[in-house]
Amino acid sequence: MTVIRVALPVPLRQHFDYLLPENSSVTVGCRVQVPFGQRQLIGIVWQIDPDSPFEHSQLKAVSHILEDAPVISGTLRLLLSFAADYYHHPLGEVLTAALPALLREGRQLRDYALTGYRLTAAGEAAQSSDFKRSAKQLALWQTLQTSPLAEDTLLQQHHRSTLKQLIDKGMIVAETLERQPYAYQGLAQTPLQLTVDQAIAVSAVQQAHGKFQPFLLEGVTGSGKTEVYLQCIAPLLARGEQVLLLLPEIGLTPQTLQRFVQRFNVPVLAWHSNLSDGERLSCWLQAASGSAAIVIGTRSALFLPFRQLSLIIIDEEHDLSLKQQDGFRYHARDLAIKRGSLEGCPVLLGSATPSLESLYNCQQKRYVHLALQHRATGQSLPPFELIDLKQQQLQFGLADSSIKQIRGQLARGKQVMLFLNRRGFAPALSCQDCGWLTECKRCSTFTTYHKHSRQLLCHHCGASRPIPRQCGSCGSARLAPVGQGTEQLEEHLQQLFADTPVTRLDRDSTRRKGALGELLKDINQAGPRLILGTQMLAKGHHFPFVTLVVIVDVDGALYSADFRAPEQLAQLLTQVAGRAGRGNDKGKVLLQTQHPEHALLQDIIQNGYAAFARSALLERQQTTLPPYQHLALFRAEALQSDLCQQWLQQVAELCQAYNGLQRLGPLLSPLERKAGKYRWQLHLYSHNRPLLHHALGHILPEITRWPLSRKVKWQLDVDALDLS
């Protein structure tokens, strides 16, 4: 009997050997159902006839072979194997993360075959006069005259009831169709005239067709990066090739999806977590067959199978959302570079505020740097004006000079955007007698007051409770909000500007399906309007009527312990400011702060993001921080703080054997307690990436054998971005 090695979705860093039933065959990459303890699991065949250390009598047999052809292709297996090794994550969990949920559950692919309809002999013999009483049946019969068509295609033009009527008459019959590669039908919209910088960028990417080459497209906000993407893609579609576009959060950038659909007469599919399991499997099947020309998706779209992938684009490549922050902690941007090398295709990274890692790779000549230095409309970038809050009277968190300029823009019929990166009504409730603050019982943080839902909500663990009637310390009933959130600012704006509509964009206001699209539709109508929101506003939106942006409070991010905080703040300020002046009118940005003299604010205002990033890179080099060193982060969580510290101390002692490995910690996480558990960290740094991974490869098997490892929840985060 044949032995096969199977990767299973379990948190164990090993494979498992099983016996293949007699007269059965499988190929590497197929799914099989196997017994695992008391359960039946779906695994991926990883090796056939391995050098197994077990006798056949010790091995269990495969329960069921789910398909003959592999569901994970050779190129994807190489990518996923690399990812499992690089991020030191169990291969079985990595492989199954690349499959749609229905395939992880063991559903048969044949159950999702493409259903089509064709004319029967009776249908072919019919005449148009046979349908005098039903114009709908006549139209369907005429549609099927040339060839069979897929059900979803027919239902775009005809009703299901009409299909059933012709089936009952014996004129059409259902059959299984093979999914065919898409047919290119030309452009649906005329491309825009490119600027010189845009034309150079498009030419460079097109010349790299058929070979691996990473590009960094650094373009100021409003410089037309999306148009560059569109014109890079057009010749690929004419050849019948496929394109993958990754976005940080596809739900926040519907305008991008709309532009692609309007430009190209080809199937453009979306891939994101809001789709149903059936919709995700349909997208997976269409990408694999080549019937999808363009897939626009979030980070997990990187693992979709493609018949002929010829270009990978990562928009807003600096965004932290591209890094998975739990489970399999991969970075989609970095793995996209690896996939491009395996597929032999160019990879285009785009951002107005590139990450320091990508700029470093340009300096090292690993990426080709492409620059768009001017806005496509010819408008200049909006100037900043610092509003010193120490010298101003405030109304609801807004300085008098800010309110005056807001009124001036609204009087001209323009739109004003206000940015406040705190949702809810207030960050906490406070007792007016003793100073007590509402805290989360499970986290070392305050609970946010949400007035509309009348709840106190922890934004870290999700715990909620009703608003207390009295102080938890002295019993006083005098409780009042402390600080300001978007709900409170919205309420105050409606008082200050009673005749102007206010649109709030944050996670609470867009929770309902379709709500974001409705809000964006309102914003894109001309006329005076106040737009208020959190960092959701910085996600690549095009607001043509916004002429003034007010950043209400920037001070909370100026003094963070995270070495990446200045970079992230500079990116956020630049992206938010870039929403102003994108139409025909000039824009302006007001930045309210108690610290107008702060070096970071002065650097961004005086020199712009590009100059800041180059100086920040020099600072990182002098302090030997990433990207000039490589970082791996161990996290430990437990109900008892000393267990975490003890476990991480053992890890630190184990690391002492590796010269060239620098340790920081164990130390408490900035958020010391979350969801009832204490949190500690250990940072490992090395100039030598292979040495770091060699050490981790030897440390991890040792760690898993410790009795203490069963008392703490621990994770390893390679190239960690979130240090909280």
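Being a predicted model, the structure only gives us computed values, none of them experimental.

Cut-offs and rules
- Residues numbered from 1 in each chain as written.
- Predicted model: local features only at pLDDT ≥ 70, side-chain atom pairs only at ≥ 80, totals over all residues.
- Heavy atoms only, no water.
- Helix = DSSP H or I, 4+ residues; strand = E, 2+ residues; numbered from the N terminus.
- Rg over C-alpha atoms; globule rule 2.2 N^0.38 Å.
- Buried < 20%, exposed > 50% of the residue type's maximum accessible area, 1.4 Å probe, protein only.
- Contact = heavy atoms within 4.5 Å.
- Salt bridge = Lys/Arg side-chain N within 4 Å of Asp/Glu carboxyl O.
- Pairing = 2+ DSSP bridges.
- Axes fitted to C-alpha atoms, helices over the stretch in contact; angles between N-to-C directions.
- Core = buried A, V, L, I, M, F, W, Y, C linked by side-chain atoms within 4.5 Å.
- Phe/Tyr/Trp six-rings, centres within 6.5 Å; stacked < 30°, edge-to-face > 60°.
- Lys NZ or Arg CZ within 6 Å of the ring centre and 35° of its normal.

Asks: An account of the overall build of the protein is needed here, citing residue identities and associated values.
Replies: What the protein contains, in helices and strands, is 20 helices and 32 strands. Expected size for 724 residues packed as a compact globule is a radius of gyration near 27 Å; at 29 Å, the protein falls within 12% of this value. When its C-alpha atoms are laid out on the principal axes, the protein stretches across 85 × 70 × 60 Å. Sorting the 724 residues of the protein into buried and exposed places 52% on the buried side. Expressed as a percentage of contacts within the protein between residues at least 6 apart in sequence, the contacts between residues at least 24 apart total 75%.

Asks: Lay out the pattern of salt bridges with the relevant residues and their values.
Replies: By the definition in use, this model includes 31 salt bridges. Across the salt bridge formed by Glu 67 and Arg 31, the nearest N and O atoms sit 2.8 Å from each other. Taken together, the positions of Glu 67 in the loop between β5 (64–65) and α1 (74–86) and Arg 31 in strand β3 (residues 31–36) put the pair 36 residues apart, joining distant regions of the chain. Comparing Glu 67 with Arg 31 shows no difference in burial state: the two are buried. The salt bridge involving Asp 168 is made with Lys 164; its shortest N-O contact spans 3.2 Å. With Asp 168 and Lys 164 both in helix α7 (residues 160–168) and four residues apart, the pair spans about one turn of that helix. Take Asp 168 and Lys 164: they sit in the same class, and that class is exposed. Linked through salt bridges whose partners overlap, the residues forming this network are Lys 323, Arg 329, Arg 635 and Asp 717.

Asks: Describe the pairing of strand β4 (residues 39–48), and please don't skip the residues or the numbers.
Replies: Where strand β1 (residues 3–7) and β4 come together, four bridges link them in antiparallel fashion. Considered in β4, the bridge of Ala 7 is made with Ile 44. Both β3 and β4 contribute to a ladder of six bridges, which runs antiparallel. In the sheet register, Arg 31 faces β4, and the bridge partner there is Ile 44.

Asks: Hey, could you go over the sheet that holds strand β12 (residues 294–297) for me, with residue numbers and the actual values?
Replies: Strand order in this open sheet of seven strands is β11-β12-β10-β13-β14-β9-β15, and the pairing throughout is parallel. Each having just a single partner strand, β11 (268–271) and β15 (368–372) make up the two edges of the open sheet. Going from strand to strand, the sheet's axes swing by 20° on average, the running direction of each strand aside. Both β11 and β12 contribute to a ladder of four bridges, which runs parallel. By the bridge assignment for β12, Trp 271 is matched with Gly 297.

Asks: Hey, could you go over helix α15 (residues 486–496) for me, with residue numbers and the actual values?
Replies: Among the eleven residues of α15, eight are classified as buried, and the element is accordingly described as predominantly covered. Taken residue by residue, α15 has Thr 486, Glu 487, Gln 488, Leu 489, Glu 490, His 492, Leu 493 and Leu 496 as its buried positions.

Asks: So what's going on with the nonpolar core? Residues and values would help.
Replies: Formed by 117 residues in total, the largest nonpolar core has its most connected members in Phe 634 and Trp 647. Ranked by the residues each element gives to this core, the list is headed by helix α18 (residues 599–622), at eight residues. Formed by 32 residues, the second largest nonpolar core is a distinct cluster that contains Leu 230, Leu 237, Ile 250 and Leu 370.

Asks: Tell me about the packing of aromatic side chains, residues and numbers included.
Replies: Tallying each qualifying case throughout the model produces 16 aromatic pairs. Between the aromatic rings of Tyr 86 and Tyr 87, the centroid separation amounts to 4.9 Å while the plane-to-plane angle is 80°, which identifies the pairing as edge-to-face. Here the two residues Tyr 86 and Tyr 87 agree in accessibility, since each one is buried. With a centroid separation of 5.4 Å and an interplanar angle of 65°, the aromatic rings of Phe 425 and Tyr 449 are classed as edge-to-face. Note that Phe 425 is positioned in the loop between β19 (415–419) and β20 (428–431) and Tyr 449 in strand β21 (residues 448–450), a separation of 24 residues in sequence. Residue Phe 425 is classed as buried on the basis of its relative accessible area, which comes to 6%. Given a relative accessible area of 9%, Tyr 449 falls into the buried group. An aromatic cluster is built from Phe 82, Tyr 86, Tyr 87, Phe 303, Phe 328 and Tyr 330, whose rings are joined through pairwise contacts. The ring of Tyr 678 carries the charged tip of Arg 673 above its face, separated from the ring centre by 5.8 Å.

Asks: Describe the pairing of strand β32 (residues 713–718), and please don't skip the residues or the numbers.
Replies: With five of six residues buried, β32 is to be regarded as a mostly interior element. Two elements, strand β29 (residues 630–638) and β32, share six bridges in a ladder whose sense is antiparallel. Directly across from Ala 632, in β32, lies its bridge partner Val 718.

Asks: Any details on the sheet that holds β4? Residues and values, ideally.
Replies: With antiparallel pairing, the five strands of this open sheet are ordered in space as β2-β1-β4-β3-β5. The open sheet terminates on both sides in strands that have one partner only, identified here as β2 (16–19) and β5.

Asks: Residue-level account of unusual backbone geometry, with values.
Replies: At the junction of Pro 626 and Pro 627, the peptide bond is cis and its omega measures out at 10° in the coordinates. Inspection of the secondary structure puts Pro 627 in the loop between α18 and β29. Cis peptide bonds are those with omega within 30 degrees of zero, and the linkage from Gly 665 to Pro 666 qualifies with 10°. Structurally, the position occupied by Pro 666 is in strand β30 (residues 662–674). Residues other than glycine seldom take positive phi values, yet His 88 does so here, at roughly 55°. By the element assignment, His 88 lies in the loop between α1 and α2 (91–97). The exposure class assigned to His 88 is buried, which follows from its relative accessible area of 13%.

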